[in-house]
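Chain residues, written in single-letter form:
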Amino acid sequence: MSSSPASPLPSDLSPVPTLSPHDTGGLGGHPRGLTNLFFTEMWERFSYYGMRALLTLFMVAPAAAGGLGYDTKRATLIYGTYTMTVYMLSIPGGFLADNFLGARASVLYGGLVIAAGHFTLALQSESAFYLGLVLIALGTGLLKPNISSMVGSLYGNGDPRRDAGFSIFYMGINLGAFSSPLLTGWLAQSDQFKVMLTGWGLDPNHSWHWGFAAAGVGMTCGIVIYILQLGRLAHVGLAPARDIPRPWGKLLGVLLGAAILFALVRLSDTNKNFAWIRYGYVVVPVLAIIWLGLKADLDSKRLAAVFVFALAAIIFWAIFEQAGSTISLFGDQLTNCEFFGYKFPSAWFQSVNSLFVILLAPLFAWLWVRMGDRQPSAPIKFTLGLVFLGLSFVLMVPAAKLTVDGKVSPLWIVGLFFLQTVGELMLSPVGLSTMTKLAPAKLLGLVMGIWFLAAALGNKLAGVLAAEFTSTDGNALAHFFLVQAAWVGVATLVLLAFAPWVKKLMGGVK
Ligand code: GLN
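We now turn to the structure provided with this report. All values derive from a computational prediction rather than experimental measurement. (Residues numbered from 1 in each chain as written. Predicted model: local features only at pLDDT ≥ 70, side-chain atom pairs only at ≥ 80, totals over all residues. Heavy atoms only, no water.)

**Some points on the pattern of salt bridges**
- Enumeration according to the criterion identifies 7 salt bridges in this entry.
- Between Asp 159 and Arg 161 there is a salt bridge, with its nearest N and O atoms 2.8 Å apart.
- Asp 159 gets classed as buried once you look at its relative accessible area, which sits at 16%.
- Of the charged contacts, one joins Asp 269 and Lys 460 as a salt bridge, the two residues approaching to 2.7 Å between their closest N and O atoms. With Asp 269 in helix H9 (residues 248-270) and Lys 460 in helix H16 (residues 444-466), the pair connects residues that are 191 residues apart, well separated along the chain. (Salt bridge = Lys/Arg side-chain N within 4 Å of Asp/Glu carboxyl O. Buried < 20%, exposed > 50% of the residue type's maximum accessible area, 1.4 Å probe, protein only. Helix = DSSP H or I, 4+ residues; strand = E, 2+ residues; numbered from the N terminus.)

Written out as structure tokens, the structure is:
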């Protein structure tokens, strides 16, 4: 490639043109880079959720039907540990990006490792299965926090489009999440595809692996789009300058910390005497908030605010992530899966949340832009997120009581997902956006890692809470929902009370 000295700015495909604050060439008048990150993340989530939809089913399916033949307990344990690890690895992933690779390269390497993971799952062997899970978790740790931080870096300080940009990005996530289970589920489970496999002279019991391979193809599409559209990212996500020494010692510390955290969480799972460790999920962030909040410098105060939001997020995900357990069981065992006379598989409930996100995210994106400076502050948006989350479980109290008389209408679950999605859109994309605003520039990846660590612990707690689910006693089930809603109510009031202080901690960030 030639570039004349008279024109030092290289062509459009160069990875380093400067980003204009008035860049409106991307989706919905947003920076051009958003288009790239939107589609890359859409495909990554396509692969993640497409595979996740099969994971438990594949593990419990008998060997004669091509599955692993595990019992439910073993399968759900592996599932819980896997989903937690995926998010937990965001901490080293974010740190690597900040200090070694830069977010841009991390996303590329992460995508490649994820695709390799899904294709490994496409092989028919138990050791390939575990290797595949490890690869996907490692790759997601590299990709997920860093693609999110790059979205934030597309916007200048104080750009009012930032929250709206994250709402659009979030819509991409859910386009992938909504569509992939439909495809991978059809490949893995439908008789139609099994007949096709037999027709091609292939073993129909291997259909699961076609589903996993489809997830790998999805991730590959994401990688291709990402590479083709790199130029749209301007200067965003470049590696730290070469002459800055790399903090190898700190990297070792972060890796060791993540390993210890993982071991502690597993210990709380497997040994009853150590179940108390779970209180640490709340106590440790509270201590961090107090310690950082009392320091004088602005960065520490902002980090204290990061921990407040992370704590609220743990509580949020602990309820929300019961979608695949509590709500899935409620849908399967206590709900009449019929709509206008059409019988549908209970697994379809899993797409309702994503569908609502797709429908509602544009509304929220529009609302935040429209409200501009008048929009509620992040702590108030989080408070509202918790309010809607709590209401979703309040709604399930009468639904649970009605199950005493038999199966209930699917509209209860649809209503639950509607409320949860409204809450999610107040909290999750706003949280991503707020992290990018609060993080000191050098710690952006790490702060994103903390955000996803909250998701990891929330997923874990969701599993602990869902273990109390019962489908045989409607009144006990009503109590199950009510108690959790009440705890969310308490958390909401605490957050509301502290909102003015959190706003102060944020030091001018809105
Ligand atoms: N559903 C969102 C995603 O897949 C949020 C997940 C989370 O942060 N727990 O990105």
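Read on for the rest.
**Looking at the site of the ligand**
- Inspection of the region around the ligand gives Arg 45, Tyr 49, Tyr 87, Lys 144, Tyr 170, Ile 173, Trp 317, Glu 321 and Ala 455 as its neighbouring residues.
- Within the side chain of Tyr 49, one N or O atom sits 2.6 Å away from an oxygen atom of the ligand.
- One nitrogen or oxygen atom from the side chain of Lys 144 is found 2.5 Å from an oxygen atom belonging to the ligand.
- A total of 300 Å² of accessible area belongs to the ligand in isolation, and the protein chains cover 96% of it.
- Listing elements by their share of the shell around the ligand, those giving two or more residues are helix H1 (32-60) and helix H6 (162-189).
- Residue classes in the shell around the ligand are distributed as 6 nonpolar, no polar and 3 charged. (Near = heavy atom within 4 Å. Polar contact = N/O pair within 3.5 Å; in protein donor to acceptor, adjacent residues only side chain to side chain. Areas by Shrake-Rupley, 256 points an atom, 1.4 Å probe, with all protein chains shown as cover. Nonpolar A, V, L, I, M, F, W, Y, C, P; charged D, E, K, R; others polar.)

**Describing the environment of Leu 482**
- Relative to the helices and strands, Leu 482 is located in helix H17 (residues 474-505).
- In this structure Leu 482 comes out as partly exposed when scored by relative accessible area, which is 44%.
- It is 9.1 Å that separates the C-alpha atoms of Leu 482 and Leu 395, two residues lying 87 residues apart in sequence.

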